[in-house]
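A look at the structure
What follows is the residue order along each chain.
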Amino acid sequence: MLKVSNLNIYYDHIHAVKDLSIEVEEGKIVCLIGANGAGKTTTLQSISGLLPIRSGEITFKDKSIIKSKPHLITHMGIAQVPEGRRIFTNLSVLDNLKLGSYAIKDSLQNKEKEIKRIYERFPILKERSNQRAGTLSGGEQQMLAIGRALMSRPKLLLLDEPSMGLSPIYVETIFEVIEDLIHEGVTILLVEQNANIALSISDYAYVLETGRIVKSGTSEDLMNDPDVKVAYLGA
Ligand SMILES: Nc1ncnc2c1ncn2[C@@H]1O[C@H](COP(=O)(O)OP(=O)(O)O)[C@@H](O)[C@H]1O
Ligand SMILES: [Mg+2]
């Protein structure tokens, strides 16, 4: 579904992503694990069209997207849940959701249907619909960020560190939601520093170190890999 080939990204002279190649098969959860500063967010931002790439190719359903504007990439079916959630704290929960489909040409009716679906998935967001989003707890804000991304009815969801800063109970809830989404036909590319949880939920994994993929394999294989155990699983 998604194919990234020999991607290179620079911030001025900093070579942040080096010859990175990854693939995400439809219907799977693929994760990219790596320490802080490894280049995970940079990779996701480039897929979403938010960062210029120096060289390489990114195709979605066999179509190059490297020259597409971010809103068109959303339109094609890719949505991102950004690191740190980035919700609009001064807007209501409902208005945050509405912004998720702002760039999407769809009938008002369909958009309202989508809001209903999201409220069914996250009843707490319905309860807090008219509340300022900044008053939500961290876990609720993460639900809102996921809900907002779902408003564009993505085929591929890019999740950037959804577990960051959340209490264990919310981490569990969020990862249950991620697993549900797979059953509803959403493919997932997950970025995490929390390798334990990422490997336990995903089908395939890539390990990123200072901008370079150093290992890849089924998540099960990587979970049993001695190097991965020592470096990422606290063994
Ligand atoms: N806006 C930026 N300007 C300059 N350097 C950046 C910027 N964003 C990230 N970097 C650098 O790029 C590298 C990768 O960062 P990032 O993709 O945020 O890593 P991760 O998400 O894995 O923590 C790091 O060395 C970081 O310092
Ligand atoms: Mg990051």
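The shown structure was predicted, so the numbers you read here are calculated from the model rather than taken from an experiment. (Residues numbered from 1 in each chain as written. Chains lettered and ligands numbered in written order. Predicted model: local features only at pLDDT ≥ 70, side-chain atom pairs only at ≥ 80, totals over all residues. Heavy atoms only, no water.)

Turning to the pattern of salt bridges, a few remarks are in order. Tallying each qualifying case throughout the model produces eight salt bridges. Here K40 makes a salt bridge to E161, at a shortest N to O gap of 3.7 Å. Here E161 lies in the loop between β7 (156-160) and α7 (168-183) and K40 lies in helix α1 (residues 40-47), a separation of 121 residues in the sequence. This pair shows no difference in class: K40 is buried, exactly as E161 is. Residue E184 is joined to R121 by a salt bridge in which the shortest nitrogen-to-oxygen separation is 2.6 Å. Here E184 is found in the loop between α7 and β8 (187-192), whereas its partner R121 is found in helix α4 (residues 108-121), with 63 residues between them in sequence. Each of the salt bridges in this network shares a partner with another, and the network as a whole consists of D106, E114, R117 and R153. (Salt bridge = Lys/Arg side-chain N within 4 Å of Asp/Glu carboxyl O. Helix = DSSP H or I, 4+ residues; strand = E, 2+ residues; numbered from the N terminus. Buried < 20%, exposed > 50% of the residue type's maximum accessible area, 1.4 Å probe, protein only.)

Moving on, we come to the coordination of the magnesium ion (ligand 2). For a metal with four donors in a tetrahedral arrangement, the ideal angle between donors is 109.5 degrees, while six donors in an octahedron ideally sit at 90 or 180 degrees. Listed as protein donors to the magnesium ion (ligand 2) are T41 (OG1) and E83 (OE); their distances from the metal cover 2.0 to 2.1 Å. Remark: E83 occurs in the loop between β6 (78-81) and α3 (93-99) and T41 occurs in helix α1; sequence separation between them is 42 residues. (Donors = N, O, S within 2.8 Å, 3.2 Å for Na, K, Ca; no water.)

Moving on, we come to helix α6 (residues 138-150). The end-to-end C-alpha distance of α6, which contains 13 residues, comes to 18 Å, matching closely the 18 Å that a straight helix rising 1.5 Å per residue would cover. With twelve of its 13 residues buried, α6 lies for the most part within the structure. Listing the buried residues of α6 in full gives G139, E140, Q141, Q142, M143, L144, A145, I146, G147, R148, A149 and L150. Those residues of α6 that are buried lie in contact with β6, α3, α4, α5 (123-127), β7 and α7. (Expected span 1.5 Å × (residues − 1). Contact = heavy atoms within 4.5 Å.)

In the neighbourhood of ligand 1, the contacting residues comprise Y11, I14, A16, A35, N36, G37, A38, G39, K40, T41 and T42. In the environment of ligand 1, an oxygen atom lies 3.3 Å from a nitrogen or oxygen atom belonging to the side chain of N36. A distance of 2.8 Å separates an oxygen atom of ligand 1 from a polar atom in the side chain of T41. When isolated, ligand 1 has an accessible area of 560 Å², and the protein chains bury 61% of it. No other element matches α1, which puts three residues into the shell around ligand 1. Residues that form the shell around ligand 1 fall into these classes: five nonpolar, five polar and one charged. (Near = heavy atom within 4 Å. Polar contact = N/O pair within 3.5 Å; in protein donor to acceptor, adjacent residues only side chain to side chain. Areas by Shrake-Rupley, 256 points an atom, 1.4 Å probe, with all protein chains shown as cover. Nonpolar A, V, L, I, M, F, W, Y, C, P; charged D, E, K, R; others polar.)

Turning our eyes to something else, we now look at α1. Among the eight residues of α1, six are classified as buried, and the element is accordingly described as predominantly covered. Of the positions making up α1, those classed as buried are K40, T42, T43, L44, S46 and I47. Positive backbone phi, at 85 degrees, marks G49, one or two positions downstream of α1.

You will see that K61, though not glycine, has its phi angle at about 50 degrees, which is positive. Inspection of the secondary structure puts K61 in the loop between β4 (55-60) and β5 (63-64). Positive phi values are uncommon outside glycine, yet T210 reaches one of about 35 degrees. Here T210 lies in the loop between β9 (204-209) and β10 (212-218).

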